[in-house]
Every structure is written in C-alpha cells, then in structure tokens.
Amino acid sequence: TKETILLTEKEVSILIELNNSKKPILKEKLLSEVWGYNAQIKTTTVETHIHRLRKKLKKFSKSLITIKTKKGGYSIE
C-alpha cells in the first residue's frame, strides 16, 4: 500500500537542504537557507520544525528517512 505524509513547505525545504548536503547542516545554515533569517537571530524555529518532522516520519516506522542530530548539525540517514 502507498502511504502519504503531509508536509508543510518548510518541512519539504528542510528535507531538500538536508538531502543535498554531504555533511551535517548547522542550525544557522538552515535558518538562512530555509527561512532567510540572519544566522545571529535567537529562535527555536529549526528545532520545532525538526521535532514535528521527526514525529511525522516516525509514524511510518519503515521510512527510509531519519533526521539525526550530530555535533556538526542535522543530517538525514
């Protein structure tokens, strides 16, 4: 059966950025690339969106996409 995950525009943008990077992406880079924010801004936007995205992906336990947090930032495996 086919399963569908409804993603927001920002969630899709996050996945695209993570997929296109060969190394983990820092929060500041995601803020700049996805939201167009200055890297110096204080916000939990990235963490909130990553949390929600992980929850959506977790519903499909057989999903091949997992978002990992590493010292160097976020990556997908």
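Thresholds, definitions, all that
- Residues numbered from 1 in each chain as written.
- Predicted model: local features only at pLDDT ≥ 70, side-chain atom pairs only at ≥ 80, totals over all residues.
- Heavy atoms only, no water.
- Helix = DSSP H or I, 4+ residues; strand = E, 2+ residues; numbered from the N terminus.
- Rg over C-alpha atoms; globule rule 2.2 N^0.38 Å.
- Buried < 20%, exposed > 50% of the residue type's maximum accessible area, 1.4 Å probe, protein only.
- Contact = heavy atoms within 4.5 Å.
- Areas by Shrake-Rupley, 256 points an atom, 1.4 Å probe, with all protein chains shown as cover.
- Pairing = 2+ DSSP bridges.
- Patch = residues over 30% accessible without salt bridge, like charges linked within 9 Å, V, L, I, M, F, W, Y side chains within 5 Å.
- Salt bridge = Lys/Arg side-chain N within 4 Å of Asp/Glu carboxyl O.
- pLDDT = per-residue confidence, 0-100.
- Axes fitted to C-alpha atoms, helices over the stretch in contact; angles between N-to-C directions.
- Parallel < 35°, antiparallel > 145°, perpendicular 65-115°, else oblique.

Some words on the overall build of the protein chain
Piece 1. The secondary structure content of the protein chain amounts to three helices and two strands.
Piece 2. Across the protein chain, helices and strands are ordered from the amino to the carboxyl terminus as α-α-α-β-β.
Piece 3. Relative to a compact globule of 77 residues, whose C-alpha radius of gyration would be 11 Å, the protein chain shows 13 Å and is just as compact.
Piece 4. Sorting the 77 residues of the protein chain into buried and exposed places 26% on the buried side.
Piece 5. Restricting the contact set of the protein chain to residue pairs at least 6 apart, pairs at least 24 apart contribute 48%.
Piece 6. Carbon together with sulfur atoms contributes 52% to the accessible area of the protein chain, which is approximately 5900 Å² in total.

Overview of the side chain of glutamate 11
Piece 1. Its place among the elements puts glutamate 11 in helix α1 (residues 9–20).
Piece 2. Apart from residues lying up to four places away in sequence, glutamate 11 is in contact with Leu6, Arg52, Leu53 and Lys56.

Some points on the pairing of strand β2 (residues 73–76)
Piece 1. Bridge count between strand β1 (residues 67–70) and β2: four bridges; the pairing is antiparallel. Each residue of the ladder has a partner; that of threonine 69, found in β2, is tyrosine 74.
Piece 2. Between β1 and β2, which pair antiparallel in sequence order, lie two residues.

Details of a nonpolar patch on the surface
Piece 1. Among the surface-exposed residues, Leu7, Val12 and Ile16 lie close enough to one another that they form a single nonpolar patch of about 210 Å² accessible area.
Piece 2. Along the polypeptide, valine 12 turns up in helix α1.
Piece 3. On the basis of relative accessibility, which here comes to 35%, the residue valine 12 falls in the partly exposed class.

Some thoughts on the confidence of the model for the protein chain
Piece 1. Averaged over every residue, the pLDDT of the protein chain is 86; residues scoring 70 or more account for 94%.
Piece 2. When mean pLDDT is taken per element in the protein chain, α1 scores highest with 94 and β1 scores lowest with 82.

A closer look at the environment of lysine 22
Piece 1. For lysine 22, the location among the structural elements is in the loop between α1 and α2 (27–35).
Piece 2. Of the residues examined, lysine 22 reaches a relative accessible area of 87% and is grouped as exposed.
Piece 3. Along the backbone, lysine 22 and isoleucine 5 are 17 residues apart, and their C-alpha atoms lie at a distance of 25 Å.

Overview of the packing of α2 against helix α3 (residues 45–58)
Piece 1. As a packed pair, α2 and α3 sit with axes 9 Å apart at the nearest point and diverge in direction by 85°. Considering the angle they form, α2 stands roughly perpendicular to α3. Counting all contacts with α2, which are made through Lys27, Leu30, Leu31 and Trp35, the residues of α3 involved are Thr45, Val46, Glu47 and His49.

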